[in-house]
Amino acid sequence: MNVAILVGGRGRRLGGAEKSQIRICGKKIIERLIEEFAEFETVIVCRDEGQKRLFEGHRCVVDSVRNFGPLAGIHSALSYFSSRTAVVACDMPFVKAKVLEKLYAEAEKCDADALLPVWSDGRLEPLLAVYSPKILLEIERSFEKNERKILAPVFRSNNVALYDIECLRKIDKNLLSFFNVNTREDVERAEKLCLSIDLGGKSQI
Ligand SMILES: Nc1nc2c(ncn2[C@@H]2O[C@H](COP(=O)(O)OP(=O)(O)OP(=O)(O)O)[C@@H](O)[C@H]2O)c(=O)[nH]1
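Rules behind the numbers
- Residues numbered from 1 in each chain as written.
- Predicted model: local features only at pLDDT ≥ 70, side-chain atom pairs only at ≥ 80, totals over all residues.
- Heavy atoms only, no water.
- Helix = DSSP H or I, 4+ residues; strand = E, 2+ residues; numbered from the N terminus.
- Rg over C-alpha atoms; globule rule 2.2 N^0.38 Å.
- Buried < 20%, exposed > 50% of the residue type's maximum accessible area, 1.4 Å probe, protein only.
- Contact = heavy atoms within 4.5 Å.
- Areas by Shrake-Rupley, 256 points an atom, 1.4 Å probe, with all protein chains shown as cover.
- Lys, Arg positive; Asp, Glu negative; His and termini not counted.
- Charge placed at Lys NZ, Arg CZ, Asp CG, Glu CD.
- Axes fitted to C-alpha atoms, helices over the stretch in contact; angles between N-to-C directions.
- Left-handed = near helix turned anticlockwise from the far one by under 90°.
- Near = heavy atom within 4 Å.
- Polar contact = N/O pair within 3.5 Å; in protein donor to acceptor, adjacent residues only side chain to side chain.
- Nonpolar A, V, L, I, M, F, W, Y, C, P; charged D, E, K, R; others polar.

## Describing the overall build of the protein chain
For the protein chain, the count of helices and strands is seven helices and nine strands. Computed over the C-alpha atoms, the radius of gyration of the protein chain is 16 Å, within 12% of the 17 Å expected from 2.2 N^0.38 for a compact globule of 205 residues. C-alpha extents for the protein chain along the principal axes are approximately 45 × 40 × 30 Å. Looking at the 205 residues of the protein chain, the share that counts as buried comes to 52%. When contacts within the protein chain are restricted to residue pairs at least 6 apart in sequence, those whose partners lie at least 24 apart make up 67%. Counting only carbon and sulfur atoms, one obtains 48% of the accessible surface of the protein chain, whose full area is about 10,300 Å². Placing the 32 positive and 30 negative side-chain charges of the protein chain at their respective mean positions leaves the two points 2 Å apart.

## Some words on the packing of helix H3 (residues 70-81) against helix H5 (residues 136-145)
Running from N to C, H3 and H5 cross one another at 140°; their axes reach a closest spacing of 10 Å. When you trace H3 past H5, the crossing you get is left-handed. Here Leu-71, Ala-72, Ile-74, His-75, Leu-78 and Ser-79 of H3 lie close against H5, whose contacting residues are Leu-136, Ile-139, Glu-140, Ser-142 and Phe-143.

## Describing the environment of Ile-34
Mapped onto the elements of the fold, Ile-34 is located in helix H1 (residues 29-36). In sequence terms Ile-34 and Arg-189 are 155 residues apart; their C-alpha atoms lie 21 Å from each other. Setting aside residues up to four positions removed in sequence, Ile-34 forms contacts with Ile-5, Ile-44 and His-58.

## Things to note about the site of the ligand
Around the ligand, the structure places 19 residues, and the nearest of them are Leu-6, Gly-9, Arg-10, Arg-12 and Asp-63. Interatomic distance of 2.8 Å between a backbone N/O atom of Gly-9 and an oxygen atom of the ligand. A distance of 3.2 Å separates an oxygen atom of the ligand from a polar side-chain atom of Lys-19. Here the ligand, which alone exposes 610 Å², has 85% of that area covered by the protein. Grouping the amino acids of the shell around the ligand by side-chain chemistry returns seven nonpolar, six polar and six charged.

And the structure:
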């Protein structure tokens, strides 16, 4: 399975922090994710060559398009693998490999251009989702239109699947895979959550 971890954000809500480098219970988020995805083909998607230096020893790719946010990262990942790819934001410290596997399998089953997890209130999770290179043309159309909205190419595609997040509770009881860190308060919450997770890997919360 191909996995792309997007790290190119500027972390403005965290005072310009490199979110992948934030330590939760002593371990950087990027280290947690790389460990969790050890059995997959994983690439780190950076915004530029300077940022790439932070990830020496890991497989990295640099965005070919600037200033398009996560959309540029998804584009780089799909161009790199040229096949279906699970995309993960670098600010999600508790993503479970099994959740990615499930989403990937579902995307394959329906041969979707994109498969996005959906909450019961309709909110989508485009940054823990699976994309096919078939969506590249729609992403490039966004670049041409100077459109940065991550969901714009998804909505233009007529082959998008949604996956009910509640169905993932069998794998990830408290759906912590979807917890993400945007602010100082989120970092504090992540620390507390991390302390409640059994070090053996089984979520106790
Ligand atoms: N490769 C790549 N990844 C990006 C880019 N912009 C954002 N990301 C990643 O996309 C994910 C979501 O980013 P956001 O939370 O929307 O933005 P952020 O820049 O990380 O944080 P804020 O500045 O506080 O909004 C994170 O994993 C980012 O690292 C980009 O230009 N290139």
